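# Commentary on secondary and tertiary structure
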Amino acid sequence: MRKMSDSLAYRREGHRNILIITTKMQFKVIYVDETDSTNRWLRDYPAEGEAVVVVADYQTAGRGCGANKWESERGKNLTFSLLLHPELVPANEQFRITEWVSVALCETIEHYIYNKVEIKWPNDIYVENRKLCGILIENRLTGSCIKDSIIGIGLNVNQQTFRSDAPNPVSIRQLVGKDSDRDKLLADFLRQLGNVMELPDVSETYRQRLWRREGMHPFRDAEGEFCAKIAGVEADGHLVLEDSRGKERKYAFKEVEWILSFTN
Ligand code: BTN
């Protein structure tokens, strides 16, 4: 396990707002005890161009991708959303936000656990065959620009048992056998996000971190099940697969799903 330097101020201070200042960016962090969904909470927030983070101890209606719910025990995990204004990212390159956030999460979490942390396309954070973290990004566009981006993150930190029908959740607690400091984890992530946003080659780092990036694996699309290997991820986020007949297949999010086979 590697150790990060603690150059950053991180404190919960009850539930007041704090500022987390990294070398790259400044984040206004707002703690709330309970809300329906931190993504929904931020949508109504009157931000004035600043980067805002809202962290909830509990969400009554936490949202996953599509119609899914997000299960998180009160006070145990990190459920938060981040409002960014990525003016320099054109709307047709919005997948870069997914790359930034997924890479920064992997690089942060690897300091807390012993295992390799990978990205299950497009943006689930996986350890072996288990989901440690989910990301829900909602961009608001004005013309060809991104007005702002609401990035919701659910990271399983100290929860010991999961009750929902999510197929394969895991927490840092389950992986290392002890609790982690959620505030430090959040501060480490924000700092790492600032670093990653300056990388010239984040797309390459994202691709190197892909889960099941080598070999043939089972998938399901509208036509049925098939085996394929990852041939690439396009700049706009489409997944390119090469099936066992050598045929290339290209998918947007939700057009194809991984078939999870449990080996542990
Ligand atoms: C997924 O994998 O389905 C995405 C899960 C995203 C969950 C987070 S928790 C904080 C934020 N608020 C929400 O309602 N959802 C996201």
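Per chain, residue numbering runs from 1 following the sequence as it is written. Local features in this predicted model are restricted to residues of pLDDT 70 or higher, and side-chain atom pairs are both shown and tallied only at a pLDDT of 80 or more, whereas totals for entire chains, interfaces and linings draw on every residue. Side-chain descriptors were evaluated using all non-hydrogen atoms of the structure, hydrogens and water having been removed beforehand.

### A word on the layout of surface pockets
Selection rule: The way it works is a 1 Å grid over only the protein atoms, where trapped points that fit a 1.4 Å probe form a cavity and open points with protein on both sides within 12 Å along at least five of seven lines form a pocket, and then any residue with an atom within 4 Å of a point lines it. Grid points are joined across faces, edges and corners, and a volume is the space filled by probe spheres set on the points. In this description a helix means any DSSP run of H or I spanning at least four residues, a strand means any run of E spanning at least two, and both kinds are numbered starting from the N terminus. In this classification, the charged set is Asp, Glu, Lys and Arg, the nonpolar set is Ala, Val, Leu, Ile, Met, Phe, Trp, Tyr, Cys and Pro, and all remaining amino acids, among them Gly, are polar. An automatic or database domain assignment is the source of the domain bounds shown.
In this structure, the largest pocket spans a volume of roughly 1,000 Å³. Elements with a minimum of two residues in the lining of the largest pocket: α1 (38-43), β4 (78-84), β6 (124-127), β7 (130-142), β8 (145-155), β9 (217-221) and β13 (256-258). In terms of residue count, the dominant contributor to the lining of the largest pocket is β7 (four residues). When the residues that make up the lining of the largest pocket are grouped by side-chain class, the tally is 19 nonpolar, 16 polar and eleven charged. The two domains that each donate at least three residues to the lining of the largest pocket are domain 1 (9-208) and domain 2 (217-258). Roughly 390 Å³ of volume is contained in the second largest pocket. Looking at the second largest pocket, it is lined by 20 residues, and the ones nearest its centre are Phe95, Thr98, Pro122, Asn123 and Phe253. Broken down by secondary-structure element, the contributors of at least two residues to the lining of the second largest pocket are α2 (95-109) and β7. Here the lining of the second largest pocket gets four residues from one element, more than from any other, and that element is β7. Within the lining of the second largest pocket, the residues separate by chemical class into eleven nonpolar, seven polar and two charged. There are two domains that each give the lining of the second largest pocket at least three residues, and those are domain 1 (9-208) and domain 2 (217-258).

### A short note on the domain arrangement of the protein
In plain terms, the rule: Buried area, as used here, totals the accessible surface that two parts lose on assembly, with accessibility defined by a 1.4 Å probe and the loss added over both. Whenever Lys or Arg places a side-chain nitrogen within 4 Å of a carboxyl oxygen from Asp or Glu, that contact is recorded as a salt bridge. Nitrogen and oxygen atoms within 3.5 Å of one another constitute a polar contact, given that in protein one can donate a hydrogen and the other can accept it, and given that sequence-neighbouring residues count only through two side-chain atoms.
With domains assigned, the protein is organised as domain 1 (9-208) and domain 2 (217-258). Each of domain 1 and domain 2 was reduced to a C-alpha centroid, and the two centroids are 26 Å apart. For the pair domain 1 and domain 2, the two sides together bury roughly 880 Å², of which 70% comes from carbon and sulfur. Here domain 1 and domain 2 share zero salt bridges between them. Linking domain 1 with domain 2 are four residue pairs in polar contact (both at pLDDT 80 or more). Taken together, the residues of the side of domain 1 that touches domain 2 sort by class into five nonpolar, one polar and two charged.

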